[in-house]
Amino acid sequence: EPEVTQTPSHQVTQMGQEVILRCVPISNHLYFYWYRQILGQKVEFLVSFYNNEISEKSEIFDDQFSVERPDGSNFTLKIRSTKLEDSAMYFCASGGTLMNTEAFFGQGTRLTVV
Amino acid sequence: SQQGEEDPQALSIQEGENATMNCSYKTSINNLQWYRQNSGRGLVHLILIRSNEREKHSGRLRVTLDTSKKSSSLLITASRAADTASYFCATVPSGAQKLVFGQGTRLTINP
């Protein structure tokens, strides 16, 4: 069964460092998303991406964040200068060929900023 | 309360009993979805109900949607120990391209 894969599963980084979280969405999907979940809290929307551009983003997704689909298969989230409060589980999700249908989530990358 | 708030926050029942979780939201929606999350793992989509639908079934799951009350419920019948997980409702607000999640209900099924 097709699935969304995320790497790495766990990343530890020093405050101020740049991190890139990687995702391989399901191959025929057109809609891509990043969400995060701080430990013990709700899942928060970061950004949606369609047709090679951002279609919607939250107030969390400030200038420190960027997304890219560099090669037609990977979908990356970059955090330029990590802060302690960026520590969270980051989930990538992809949706099918129609907007606002079910989303398929990856297993997440646990980011720990020290 | 915020968009997509579930209650109860935690529910513990015996195996075989039915579990009901509720969700309330504030804005108009395109659809409402329920997801399940096992501890520390990804979210698994369970069921989607569109704003013009009132009830939907999938296996042991039954979802209702009342747009006049901006609320939804998820019923899991004949619960099993393997149903132990956190359950989240998520709305797609009208005109938006995102899921807005609630805080979730932690469901524990006791054998």
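Residues numbered from 1 in each chain as written. Chains lettered and ligands numbered in written order. Predicted model: local features only at pLDDT ≥ 70, side-chain atom pairs only at ≥ 80, totals over all residues. Heavy atoms only, no water.

**Focus: the environment of B:S72**
Residues and elements named next belong to chain B. Looking at the secondary structure, you find S72 in strand β8 (residues 71-76). In this structure the C-alpha to C-alpha distance between S72 and R54, which are 18 residues apart in sequence, comes to 9.2 Å. Of note is the side chain of S72, whose polar atom sits 3.2 Å from the side chain of W34. In terms of polar contacts, S72 uses its side chain to reach the backbone carbonyl oxygen of T64, at 2.8 Å. (Helix = DSSP H or I, 4+ residues; strand = E, 2+ residues; numbered from the N terminus. Polar contact = N/O pair within 3.5 Å; in protein donor to acceptor, adjacent residues only side chain to side chain.)

**Structural notes on the sheet that holds strand β6 (residues 55-58) of chain B**
All names here are of chain B. A sheet is described by the order of its strands in space; here 5 strands give the open sequence β1-β3-β8-β7-β6, paired in antiparallel fashion. On the outer flanks of this sheet lie β1 (5-7) and β6, each paired with one strand and no other. Pairs of neighbouring strands in the sheet enclose a mean axial angle of 20 degrees, with direction left out of account. Looking at chain direction, strand β3 (residues 19-24) and β8 are connected through 6 bridges and run antiparallel. Bridge pairing links T20 to L75 in β8. (Pairing = 2+ DSSP bridges. Axes fitted to C-alpha atoms, helices over the stretch in contact; angles between N-to-C directions.)

**Description of the state of the cysteines**
Every disulfide links exactly two cysteines, by a covalent bond between their sulfur atoms. Residues and elements named next belong to chain A. Under the criterion given, the structure shown has 2 disulfides over all chains. Covalently, C23 is tied to C92 through a disulfide, its sulfur atoms 1.9 Å apart. Here C23 and C92 share a disulfide; its torsion about the S-S bond, -65 degrees, makes the bridge left-handed. Taken together, the residues C23 in strand β3 (residues 19-24) and C92 in strand β9 (residues 88-95) connect sequence positions 69 residues apart. (Disulfide = S-S within 2.5 Å.)

**Regarding unusual backbone geometry**
The amide bond that connects A:T7 to the next residue, A:P8, takes the cis arrangement and shows omega of -10 degrees. Looking at the element boundaries, A:P8 is found in the loop between β1 (5-7) and β2 (10-13). Positive phi values are uncommon outside glycine, yet B:A78 reaches one of about 45 degrees. Relative to the helices and strands, B:A78 is located in the loop between β8 and β9 (85-93). With relative accessibility at 38%, the residue B:A78 sits in the partly exposed group. (Buried < 20%, exposed > 50% of the residue type's maximum accessible area, 1.4 Å probe, protein only.)

**Section: the interface of chain B and chain A**
Residue-level contacts link 24 residues of chain B with 22 residues of chain A. Together chain B and chain A conceal approximately 1900 Å² of surface at their shared face, both sides included; 49% is due to carbon and sulfur atoms. Of all residues in chain B, the largest losses of buried area upon contact with chain A belong to B:L43, B:Q97 and B:F101, amounting jointly to 35% of the total for that side. Across the chain B-chain A interface, the total number found is 1 salt bridge. (Contact = heavy atoms within 4.5 Å. Buried area = accessible area lost by both parts, 1.4 Å probe. Salt bridge = Lys/Arg side-chain N within 4 Å of Asp/Glu carboxyl O.)

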